[in-house]
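Structure at a glance
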Amino acid sequence: MAPSQDDILAHFREQAGFCAALGSPFMQALCLAMATDIEKRGPVSKLVKGWKGNPRRDALSLRIAGFLHYCVLSGAAPQLAAAYPAANPDWTMEQVWPVARALLAERATEAALFIQSPPQTNETRRAIALLPGFLKTASLYPGPMHLLELGASAGLNLNWDRFTYKTHRWELSGEPSIEIDTEWDGPPPDHLDIAFNIVSRAACDQSPINVNEPDAALRLASYFWPDQPERLARLDAAMDLARRTRVSVDAADAAEWLAAKLAARPEEGVTVVYHSVFLQYPPAETRRALQAMLEEEGAAATFERPLAWLCFEPGAFFQGEDQVGIDPNDFITYLRVWPDNETHRLLRSDGHVRRVQPL
C-alpha cells in the first residue's frame, strides 16, 4: 500500500530533525522546504505522488536532495550552484528554494529517474568506529586476515587499514591524504601497536559504485550534504585511494555472496565479515539468514581458522544484557568472534561518527 501524504510529510520533517542533529542546517532547511512544497502541491508533491515504498526506509527526502546536489556538482545548474553553500557561505533557504523548486519543475522526468536509486554515501569516518574491532580481532588471532565487507557501496572502507586516524587522544598513521578524525571520549583503543597482516579483501553490494566512472563518482558525492565540505574532501581522498589500490566490489545479494565466500574461505587465518550502517536495508529474512550463516560457520571455526563478525549498526539490532543505557537510536560497534564465541560491544556514536564513547 502506498504511503499517505501524512506519512511522507512525517518522514521529511523527521529527516530535517536528523540533519539538524548531525550538524547540517542546510539539509534541515531543505527538507522542511520540500515538506512545505508537498503541502502546496508543488513539484516535490508530484515527484513523491504514488511512491510505492516506505519513505523513511527509502530515505525519499535524501534522494531528492541528492538530485539537486548532483545538478550543482555536475555544473548542470549554475544558478542553483551560486545559491548553494560552497559558493554562498551566507546562503538562506529563501534564496535557495525558489531556484531549486524551479529546477525540480523543469527537470521532473530526470529527477523522477534519479530518485529510483537509493542514496549511498560510503562514509569513511565509520572506519574509526570499526577500527577497535579490527584491533581486538588481530590481538586474539594473530596471523593472516581476510576481509569480507557487506553492503560496501564503492568499497572505500576496504582500505580502512591504510587510513590515518587522528583524535585529540590518540593517532594511528597511514595514508597522509586521508585522515579520519572524531571526538573521542575515554581511553584510546587497545592494541594500537598491532601490525595487520591483511592478505585478501573482497566486498559486495547490490548496486556497487565504480569510482573509476566519473558519473558514478559524482553521484556518490551528491549524497554528501552541501554544507559539510570536510566530508566531501574526505570522500575525494578516499575515492582517489580506491582508484590507486584498484578496489573492486562484486554486484551480488549479500546472503548469496557471503554463503559462497564462507564456503571457500582460506584454511589459515581469521576471516572478518564486516559492515557499517547496512542492516536496515535488507529485508528481515535476509538479516536472519546472514546471522544464521555466521553462527553456523562460527560453530565450526578453529583457532587456525577463526571467524569474526564486526559491524557498526543501530543498537536496536543488538539487544543484550550489557546494553543498559544504550538508546535504540545509538549506533554501536559490535564484535563477535569464534571459536571463542565471545561477544563485545565496543563503542557507541551517531551515524556520522562525530563523537565516540567507548562502552
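Data block above holds the structure.
I will try to describe carefully the structure that is included in this document. Given the structure is predicted, the values throughout are model-derived calculations rather than measurements.

**Focus: the nonpolar core**
- Phe 134, Met 145, Leu 156, Trp 160, Tyr 165, Val 272 and Tyr 274 are the most contacted members of the largest nonpolar core, which has 53 residues in total.
- For this core, the element with the most residues is helix H8 (residues 127-140), which contributes eight residues.
- Leave out the neighbours within four places in its chain, and Leu 156 touches Asn 122, Thr 124, Phe 163, Val 211, Leu 220, Leu 235, Ala 238, Met 239 and Ala 242.
- Counting 45 residues, the second-largest nonpolar core is a separate cluster that includes Leu 9, Val 44, Leu 80 and Trp 225.

**Points about the packing of aromatic side chains**
- Tallying each qualifying case throughout the model produces 13 aromatic pairs.
- Considering the side-chain rings of Phe 67 and Phe 114, the 5.6 Å spacing of their centres and the 65 degrees angle between planes classify their relative orientation as edge-to-face. Taken as a pair, Phe 67 in helix H4 (residues 60-74) and Phe 114 in helix H7 (residues 108-114) lie far apart in primary sequence, 47 residues in all. Both residues of the pair, Phe 67 and Phe 114, count as buried.
- Taken together, the ring pairs connect Phe 67, Tyr 70, Phe 114 and Tyr 223 into an aromatic cluster.
- Sitting over the face of the ring of Phe 114, Arg 219 holds its NZ or CZ atom 3.8 Å from the ring centroid.
- The residue whose ring lies beneath Arg 231 is Trp 225, and the NZ or CZ to ring-centre distance is 5.6 Å.

**Examining the pairing of strand S10 (residues 331-338)**
- With eight of its eight residues buried, S10 lies for the most part within the structure.
- Where strand S9 (residues 307-314) and S10 come together, eight bridges link them in antiparallel fashion. Opposite Glu 313, over in S10, you have Ile 332 as the bridge partner.
- Summarising the sheet, S10 and strand S11 (residues 342-349) pair through seven bridges and their orientation is antiparallel. Its bridge partner being in S11, Val 337 is matched across the sheet by Glu 342.

**A look at the side chain of Arg 234**
- Of note, Arg 234 is situated in helix H10 (residues 229-244).
- When its relative accessible area of 7% is taken as the criterion, Arg 234 is described as buried.
- For Arg 234, the side chain forms a polar contact with the side chain of Glu 123, separated by 3.4 Å.
- When neighbours within four sequence positions are excluded, Arg 234 is seen to be in contact with Glu 123, Thr 124, Arg 125, Ile 178, Glu 179, Ile 180 and Asp 181.

Thresholds applied
Residues numbered from 1 in each chain as written. Predicted model: local features only at pLDDT ≥ 70, side-chain atom pairs only at ≥ 80, totals over all residues. Heavy atoms only, no water. Core = buried A, V, L, I, M, F, W, Y, C linked by side-chain atoms within 4.5 Å. Buried < 20%, exposed > 50% of the residue type's maximum accessible area, 1.4 Å probe, protein only. Helix = DSSP H or I, 4+ residues; strand = E, 2+ residues; numbered from the N terminus. Contact = heavy atoms within 4.5 Å. Phe/Tyr/Trp six-rings, centres within 6.5 Å; stacked < 30°, edge-to-face > 60°. Lys NZ or Arg CZ within 6 Å of the ring centre and 35° of its normal. Pairing = 2+ DSSP bridges. Polar contact = N/O pair within 3.5 Å; in protein donor to acceptor, adjacent residues only side chain to side chain.

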